Each structure stands twice: as structure tokens, then as C-alpha cells.
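Structure at a glance
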Amino acid sequence: MTTRRNFIKKTTAGSAAVTLGGLVFPTSSYANILGANDHINCAIIGVRSRAKAHIMAIHKDKNAKIVYSCDVDDVILKEHNEWCQETIGYIPKVEKDFRKVLEDKDVDAVFIATPEHWHAPMAIMALQAGKHVYVEKPCSHNPYENDLLVAAHKKYGKKVQMGNQQRSAKTSISAIKDIKEGVIGDVYKGEAYYSNNRGSIGIGKEIDVPSTLNWDLWQGPAPRQAYRNNVHPYNWHWFRTYGTGEIHNNGTHEIDICRWALGVDLPNSVTSFGGKYTFQDDWEFVDNQQVTYTFDNDKFLTWTGHSRGMMKPERPGRGSTIYGSKGTIMLDRNFYRLFDLEGNLIKEELEGGTSLTTNTRGEGVLDINHISNFFAGIREDKNLNSDIRDASISTMLCHLGNMAQDAGETIQIDAKTGKVTNNDKVMESWKRIYENGWEPKL
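Throughout what follows, the structure given in this document is the object of discussion. These figures come from a predicted structure and were not determined experimentally.

The next point concerns helix H3 (residues 50-59). Buried residues dominate H3, accounting for eight of its ten residues. Residues of H3 that are buried: Arg-50, Ala-51, Lys-52, Ala-53, His-54, Ile-55, Ala-57 and Ile-58.

In C-alpha cells:
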């Protein structure tokens, strides 16, 4: 692949056309021919739920193949293998230790759909092993990892795409183009929201680790804890040791879209109100939250997250609304709607394919678009729609939302570094405590 890409660059730089089999092709067309022949071997790490959407999208590419399914749980692997046979017609090689996958030089790209405490450390290790990386959102468990992953991307030079797939939505791309062309005037506010009705996770009990689960490797960089019966395979989202709460689990998507539409990066201040209002259980984050971010030029962004209690009156389960001096735009994964200041619908575009929005798999056409863009980055060095350098900024906003909630006051931000300038206590969460021997390093 490296040789072909170098040849493309040389021929493109040196001439306007090349000859192949007696036929003359423009160099751009020849690049596409060679790019189409670049086979990509993929490994999926963490295969319970979101990985299924990855696999369906990879399977759409005739020149890509899943060569590994990797998970630490035999029960999950068994179900996954059966699903693969039924859905894609073959069963990839199975490996429980992802480090062995990274040692395989035939693997070109890894897809990381593990619990969040593994995202950045695993991505960094994959980069060090010479792999391209598609990492699910959020790309980090804490701000320190966020910065470290960006530095690793710069050092090792491979492609890193975050799984905020709405960046590859044709309707969202169209809306951002219209915004830049002034269709709603001067944009000043982005409103992101998410609504669900999650049940109680109960009070966990310490039990013996199932014989089918490698609990030590599941924990990886996290400090060791006894196994409890309400953490694996999904509820880790709501435990600080492993997860990052709803603002990261789902807010990352819409906060990212609003930031993109407003044309802003890191904020100047962050304020969060919220609490845990429903069940008395082991859930360690707020379950309903309102966060406000302020930026230069009087722009601001809000995120409203209802994890346990549907938003009423009836509205979509998630989405983004962008406000401008001349109108409003509503976006979700499936549509773009433009309204004038009177609330009249002026324009509507549909995505042309459906994406699920509130289930745990989130599968749809946007995964195909986003992974296709990732592959184009690998094959043809095209720009990624969610390059980690930009995606990490949206992830940082979510970290700052949690930090503002913990601070109990408006936190002031150094907009160059993302660091909190007025609360030393909350800055203690900038970096986590790692299990001995597992701290990620460049």
C-alpha cells in the first residue's frame, strides 16, 4: 500500500496522465484505480454491540476484510461468531488478547469499540504498532489521554478517525456549507440534546468472575476492583473508573455538530447544572444535566441530557438546533431542516438512508459513509471527516462539562489548552490513576 501511494504521488506530481495497458488515464483516475486495489485488513476490538455497525460498514467495502474479532468475553465472542456467519458469511479469526492482534503485521487498521477507559490507551498502542485507528467516541477517558492521543497521532503518522459518524452525513455537510454561506445569518447558539429513559442499574454485588471473562484484561489501565454483577457488559458507562457518563456516551455527537456549525474550538467558560434524580442505585454520574459553554464573539452552546426521563413535549430523541440572526437549522442523523425567523420550513433534506439514534448499536448509513471516508484516508490520503486532532476538541468539551458539574461553579478555561484556571481541585481529575504498568506513554 505504501509503494502504491508513493507511486500515485510521484505520477501525479510529474504528469497530467499515465498510460496503462495502452489506455491513457488522467492521474486522478489512475489514483482511484490503484486505490481501489488497496486491500485493507481490519481487526475489531470489542465486539458486543457497536462493533456490529462497524462490521456491516466494513463489509460494504469489497476490498476490506475483517480478519480478527477480539474480545475478552467468550460468551460475547460465541454470539458474535454466530452473527458473523449469518450476516457476512464468514467468521474472522478470534483473539482474546488485543496485543496479539497488534503484533500481526498483516493487520492494517483496528476498530476500537471497547469500554471507554480503553479507548485512548489501546489507540496509542495500535499507533505504535503501525496500525491505522478508528476509535469510538469518546476518544479518551480523561483530558490527559486526550492530549496524549493527539500527540501519538502526530508522532506515528497513521490515520485516526473518531466514531462521531454524523460528521459524514451528507445532510449535515450540506447544512454546514449553507451556514458558512450565511443562510441563517450570523450564528450565535448551538443547542444539543439527548433524551432516553434508562432504568435502574441496581446495587451491585461482588461475585466470582465468570470463567468466560478475562476480568484483568477487561480492566486494563483502570485500578483493580472486585467484579460486581452490574458493571459488565454495558453499565460500565455509569461508573467513573471505566466510563464518562451520558455527556460522553451520547452528548459527544451533538455537541460536536454544534461546535462544527458555530465554527468554535475550546470554550472560555463552562457551567453545568444537574443531578441524579431518579433511582437510588450505583450510577455515579448525573442522570439529567444542562451544560452551557461560552466562546469568543458572544457564541454559546448548550447540551441538555435526559438519561432517565424522556423530554416532553414530544421531540426527537436526539438532535441539534443552530440559531442564527436570520433563521434556524435543525439537524439529526437523518435530516436537515431550515426555518426562517417566523418558524416556517424553508428547506428540508433527507439523508437518503436511515441511522438508528437511541439504541446501543446506532447502526446506519452514516457508519458506511464514515468508515468509507476512513478507508479513503488510508488508501488515498484524503482528509478525514473526524480527524482526531479536531475530534479531540469535542471530546474535551465533554470532559469540561463533567468537570464543571463536579466543581459546582462556572469554570474558566484557557482556550488554548483546555485547562481550568479558577479551580485547582477540579483539575485533579485531568489525569486518572492507572494500574501499575498500564499507563499509556508515547
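Right, let's talk about the sheet that holds strand E16 (residues 345-350) for a bit. Read across the open sheet, the nine strands follow the order E16-E15-E14-E13-E9-E12-E11-E10-E17; overall the sheet is mixed. For this open sheet the edge positions go to E16 and strand E17 (411-412), each flanked by a neighbour on one side alone. As defined by bridge partners, strand E9 (residues 187-195) adjoins strand E13 (residues 318-324) across seven bridges and the pair is classed as antiparallel. Following the sheet pairing, Gly-190 is matched in E13 by Ile-322.

In this section: the packing of aromatic side chains. Scanning all chains against the criterion turns up 13 aromatic pairs. Between the aromatic rings of Trp-218 and Tyr-242, the centroid separation amounts to 4.8 Å while the plane-to-plane angle is 80°, which identifies the pairing as edge-to-face. In this pair, Trp-218 sits in helix H9 (residues 215-219) while Tyr-242 sits in the loop between H9 and helix H10 (246-249), placing the two residues 24 residues apart along the sequence. As far as burial versus exposure is concerned, Trp-218 and Tyr-242 are alike and both buried.

Among the nonpolar cores identified, the biggest contains 44 residues, and Phe-98, Val-110, Val-133, Trp-218, Tyr-242 and Ile-388 are the most heavily contacted of them. With five residues, helix H6 (residues 119-128) is the single largest residue contributor to this core. Contact partners of Phe-98, with chain neighbours within four places excluded, come to Ile-45, Cys-70, Trp-118, Met-122, Met-125 and Leu-217. Core analysis: the next-biggest nonpolar cluster, separate from the first, contains 40 residues, Ala-175, Ile-179, Ile-322 and Tyr-336 among them.

Helix H4 (residues 74-87) packs onto H3 with a crossing angle of 25° between their chain directions and a minimal axis gap of 12 Å. Here H4 runs roughly parallel to H3, going by the angle between their axes. Classified by chirality, the crossing of H4 by H3 is right-handed. In this structure, H3 uses Lys-52, Ile-55 and Met-56 to contact H4, whose residues at the interface are Glu-79, His-80, Trp-83, Cys-84 and Thr-87. Among the residues making up the contact of H3 with H4, the classes are represented as four nonpolar, two polar and two charged.

Rules behind the numbers
Residues numbered from 1 in each chain as written. Predicted model: local features only at pLDDT ≥ 70, side-chain atom pairs only at ≥ 80, totals over all residues. Heavy atoms only, no water. Buried < 20%, exposed > 50% of the residue type's maximum accessible area, 1.4 Å probe, protein only. Helix = DSSP H or I, 4+ residues; strand = E, 2+ residues; numbered from the N terminus. Pairing = 2+ DSSP bridges. Phe/Tyr/Trp six-rings, centres within 6.5 Å; stacked < 30°, edge-to-face > 60°. Core = buried A, V, L, I, M, F, W, Y, C linked by side-chain atoms within 4.5 Å. Contact = heavy atoms within 4.5 Å. Axes fitted to C-alpha atoms, helices over the stretch in contact; angles between N-to-C directions. Parallel < 35°, antiparallel > 145°, perpendicular 65-115°, else oblique. Left-handed = near helix turned anticlockwise from the far one by under 90°. Nonpolar A, V, L, I, M, F, W, Y, C, P; charged D, E, K, R; others polar.

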